[in-house]
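These are the residues of each chain, in order.
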Amino acid sequence: MTAPERLRIAGGAVYDPANGVDGVVRDVCIEAGRIVAALPKDAPRLDASGMVVMPGGVDIHAHIAGSSVNHARRLLPEERAADPARRPVLADPGEPARSGTGGTVPTTFTTGYRYAGLGYTTVMEAAIAPLAARHAHAELDDTPLVDAGFFVLLGNDDYLLRQIAQGEAQRARDYAAWLLGAAGAYAVKIVNPGGIACWKAGSRNVAGIDDPVGSSAVTPRKILEALADASNALKLPHPAHIHCNNLGQAGNASTTLDTMRALSGRRAHFTHLQFHSYGGEPGGGWKSAARDVIEYVNGHAEVSVDVGQVMFGPATTLTADAPVEYLLHARTGRKWVNVDVELETGCGIVPYEYKEKAAVAALQWAVGLELFLLARDPWQVVLSTDHPNGGSFLAYPELVRLLMDRAYRDERLKRVNHKLLAGSALLDGLTREYSLSEIAIVTRAGPARLLGLRHKGHLGVGADADVTIYTRAENAAAMFAAPRYVLKGGTVVVSDSQLRRAPAGRRLHVRPEYDAAVTRDVKRYFEEFACVSFENYPVGPLADPPVGGT
Amino acid sequence: MNNVTCLGCGCACDDITVVVQGGTITEAGNACALGRTWFGDGKVPAEVRSNGRAVALEQAIGDAAKLLGAARRPLVYLAPDITSETQRAAVAIADRLGAVLDTPTSELADGILATQRRGRAGATLGEIRQRGDLVVFWGVDPALRYPRYTSRYAVEPVGVQAPAGRASRRVVAVDIGSCRGPENADERVSLAPTEELDALGAMRAAVGGRTTGDATWSRVEDLARRMAQGRYAVIVHDAEPGDLAPDADRAEALVALAQALNGPSRCALSSLRGGGNRSGADLVLTWQTGFPMAIDLAPGYPCYRPHQGAAVWLARREIDAALVVGSAARLPARVAQGLAAVAAVVIGPHASAAPFTPAIAVDTGVAGIHESGTAFRMDDVPLPLRAALPATASAMTVVRTLGERLAAR
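What you are looking at is a predicted structure, and each value in this text was computed from that prediction instead of being measured.

## A closer look at the overall build of chain B
Of the regular secondary structure elements, chain B holds 14 helices and 19 strands. Here the C-alpha radius of gyration of chain B, 22 Å, is about what a compact globule of 409 residues would show, namely 22 Å. Looking at chain B as a whole, 62% of its 409 residues qualify as buried. Pairs at least 24 apart in sequence give 66% of the contacts found in chain B among residues at least 6 apart.

Here it is in structure tokens:
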């Protein structure tokens, strides 16, 4: 069944902040999967009067597909069993509809269905080892309804670190470009730069951005500079996507600020900032340092962040930052997966639960909200839970309510453990409430712009016809949890809050240019150390053209 | 053709040079004996049979759709030697049918369940090569069933932290009864099968700085202490059923020991897995259903039945029709026996020569010889498969067509 060629979404209040439209009642016209300026009067109509019309949601950072995510699924059969997901009943009984299981790390088809059910139509998988890129693509092929890409892990890559050690900045850049294309990736991801390499080599971790990684010629600072510079020089649509050192440690805000200052003046995205905004000292004295961190962001337009909000309830911590997961396992005694990935990165997984009566979890919850509420420019700040690390993407509607509804937020604040909240701006009484327009910025317009996805996150002429239509409700969580209609590329996929169609999404990837000389050197390196043939490493051509057409 | 991936065992060596002359494979360069046997000459039967008669492919697919579509309690079984693309298409059929779904991985359910209870400390094979300095082979010599494991991964090649290759590492063979470690190990420890679990317990205690005080275990305690003091220890064991009798407690103890060693040091447990893209089946089942094996889809969603599985369902006579995708010749014996009593559709290499008589048999090529796609190494690393020979029938195409036929019913 194909999408209707034309559709007029009539009479809704349109929130399209990228085009300066703030709740104006107007029609949105769609033709052949794109937004167009006008349609003939007799074009099919979808009556949206009284409803809220926004671009489809864009998730800038989630863990939804690939090797690590699949390890997490396999680790947690009890969570799967507790959340069965039946096959959706689609409009066309011949269209493939798949059952699955949910929990914090749902199966692929269920992931696509649930994202679309929330009105999200674009998702970036945040951490893929290039060695397992082929696996990630296969899972994304089985994740319908969302256009998706992934970030490729480079901050602990052995070949890259060798180039940095030798001062070969140009070759590092060419290597990053080659690797992005070989993996079919969208952007460069840096996780705990140098720290994972130390974990694998036996020195456990780094503690600051000037610690040596193997040799003093390589430090987290140098890795950050090399990859931020490479991303910017290659004019990638999204800058280096950075998970700082010392995630989750008391006192780590100083490391985060050191990292931001190290990259001052460079475009860079700092991810799940909440997990990196704690005061105190390593090992104790937990307190919020959200104010210090967000003040820096507020003063530096070249910086963007996503929050990585903690939501109370079950989560699965899953990250390339393997040394952190070891510490969490050692502290909690929960089951634990570690996979060291040859020459590239690591992987650690520990299931977790954030309890509102637990002091550190309550602090984390508060820090995230502080970052949101103290951020001056919503275009720099993206809504995320670092799914499934801070909580499931299914918690986004609840998070929207916390941002939009001060009375509700204050009510929730009363219930949490206050032991570590002294000094938190939240406790001081933050009055800010996000407007619908600001929510539209932090959930679609902003992330699309930061990702350089020019056809996403807005409803201007030429944009992809990814549209979400909500029924207004007093309770913002209820409103955002069940959009009335969702359109993906012009196809009505959710109608009356029921999933009715499940088309495949597109793959978002880049193919930057590079000096081919680097491949000769990489091939030599493969012959010496790798145990996959150089020729078998690239994923090969993808069905969709690269973003930006390079 | 160069850089061909061999699925003769779970090592999935991807450096094979396949020479084809006159439509036959005349050489599989770099392959071990097991790999050369797996490639063979590339000749496979190309029969299509339904109820004892040779039929056109179209008719066989139609008959298969009829048989499976009418089944009350169908089983879909993923046998070895198919691509992950084919595995995905077969799981889609199981989902549509509300079938029970299984793979040979059920034969090692104890090990899977241990990792689901505890997690695991692991590494990809290449990382073991880069880092491993003390490699302990637990009742297994890979030379027998995983011939190039030692030459490609651990222990011979040079690595980033093993500049002299084999000489940079210490190799320990733990012999358990007649199941011996590598002959060229630097040291050996011999255990009677009845001693094995106590030895593992003593080792775990030693890692935690305790001792049993029993001289019987002083050698293994000493080994454990050295593992804890080294830089990167590796424990290699065979996860597939074999001479060493499967033991749920061993599976759990090995996982626990490897995890515990990551306190004082680093350690990875390397679980040897068989060929034919078995690991790929675990992964595909997991990403599509949430569980790696033994799944009941009859309720309309996946339910995990790890203590049952195909052999149990077949033995109970509750299965009235089966779809086997893959090499029927490589089925676990008890599954093959059970299938003999069931109306079965077999789509895969040598289907017409299955060890039981299928109602419908469609011979296809072998993934990695006649069919391109994706397969996974024993450590879950994905690799491309390059077909050196054309297939008379592609398992992927046949399974997809069958799925479409079932969807149209």
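More follows now that the structure is in view.
## Structural notes on unusual backbone geometry
Residue H387 of chain A is joined to P388 of chain A through a cis peptide bond whose omega torsion reads 0°. With respect to the helices and strands, the residue P388 of chain A is situated in the loop between β20 (381-382) and α13 (396-404). Even without a glycine there, the phi angle at K235 of chain A is positive, about 55°. For K235 of chain A, the location among the structural elements is in the loop between α8 (220-233) and β12 (241-243). Since 12 C-beta atoms lie within 10 Å of it, K235 of chain A is described here as exposed. The phi dihedral of D380 of chain B is positive, around 70°, even though this residue is not glycine. Position of D380 of chain B relative to the elements: it lies in the loop between β18 (373-376) and β19 (382-385).

## Notes on helix α10 (residues 290-298) of chain A
Residue and element names in this part refer to chain A. Looking only at α10, the buried set comprises A290, V293, I294 and V297. Axial view of α10: buried residues confined to an arc of 90°, hence all on one face. Looking at the buried side of α10, the elements it contacts are α9 (253-262), β15 (284-288), β16 (303-306) and α12 (359-374).

## A closer look at the interface of chain A and chain B
At the junction of the two partners, chain A supplies 50 residues and chain B supplies 55 residues. Its residues assigned to classes, the side of chain A that touches chain B shows 22 nonpolar, 13 polar and 15 charged. Relative to strand β7 (residues 119-123) of chain B, strand β18 (residues 336-340) of chain A runs parallel, the two being bridged by 5 bridges. The residue bridging W336 of chain A from the neighbouring strand is G119 of chain B, located in β7 of chain B.

## Here's the deal with helix α10 (residues 248-260) of chain B
Between the first and last C-alpha of α10 of chain B there are 18 Å, a value that for 13 residues agrees with the 18 Å anticipated at 1.5 Å per step. For α10 of chain B, the tally of buried residues reaches 10 of 13 residues, placing the bulk of the element in the interior.

## Section: the environment of Q130 of chain B
When you line up the elements, Q130 of chain B lands in helix α5 (residues 125-131). What Q130 of chain B contacts, discounting residues up to four positions off in sequence, is E342, L343 and F529 of chain A together with G159, V160, Q161 and A162 of chain B.

## Some thoughts on the nonpolar core
Within the largest apolar cluster, 343 residues are counted, with the highest numbers of intra-cluster contacts made by I128 and V152 of chain A. Here the element with the most residues in this core is α12 of chain A; it accounts for 10 residues. For this core, the domains that each give at least three residues are domain 1 (46-103 + 293-366 + 392-407) and domain 2 (109-272) of chain B. Other than its neighbours up to four places away in sequence, V152 of chain A contacts I128, P130, A133, L179, L180, A183, A185, V188 and K189 of chain A.

Procedures and definitions
Within each chain, residues carry numbers counting from 1 in the order of the written sequence. Chain letters start at A and ligand numbers start at 1, both assigned in the order the entries are written. Given that the model is predicted, a residue must reach a pLDDT of at least 70 before its local features are reported, and side-chain atom pairs must reach 80 or more before they are shown or counted; all residues, however, enter totals for whole chains, interfaces and linings. Helix and strand definitions follow DSSP, with helices as H or I runs of at least four residues and strands as E runs of at least two, each counted in order from the N terminus. For this measure, only C-alpha atoms enter the radius of gyration; the expected value for a globule follows 2.2 Å times N^0.38, where N is the number of residues. To assign burial, the other C-beta atoms lying within 10 Å of each residue's own C-beta are counted, with C-beta atoms placed from the backbone; 20 or more indicates buried, 12 or fewer indicates exposed, and intermediate counts indicate partly exposed. Any pair of residues counts as being in contact when their C-beta atoms, constructed from backbone geometry, are within 7 Å of one another. Note: the arc covers the axis-to-C-beta directions of the helix. Each residue receives one of three labels: charged for Asp, Glu, Lys and Arg, nonpolar for Ala, Val, Leu, Ile, Met, Phe, Trp, Tyr, Cys and Pro, and polar for the others, Gly being one of them. Note on pairing: DSSP must find at least two bridges between two strands before they are called paired. Helices are assigned an expected span. That span is 1.5 Å times one less than the residue count. A set of buried Ala, Val, Leu, Ile, Met, Phe, Trp, Tyr and Cys residues, joined through C-beta atoms within 7 Å, is what we mean by a nonpolar core. All domain edges in this entry derive from an automatic or database-based domain assignment.

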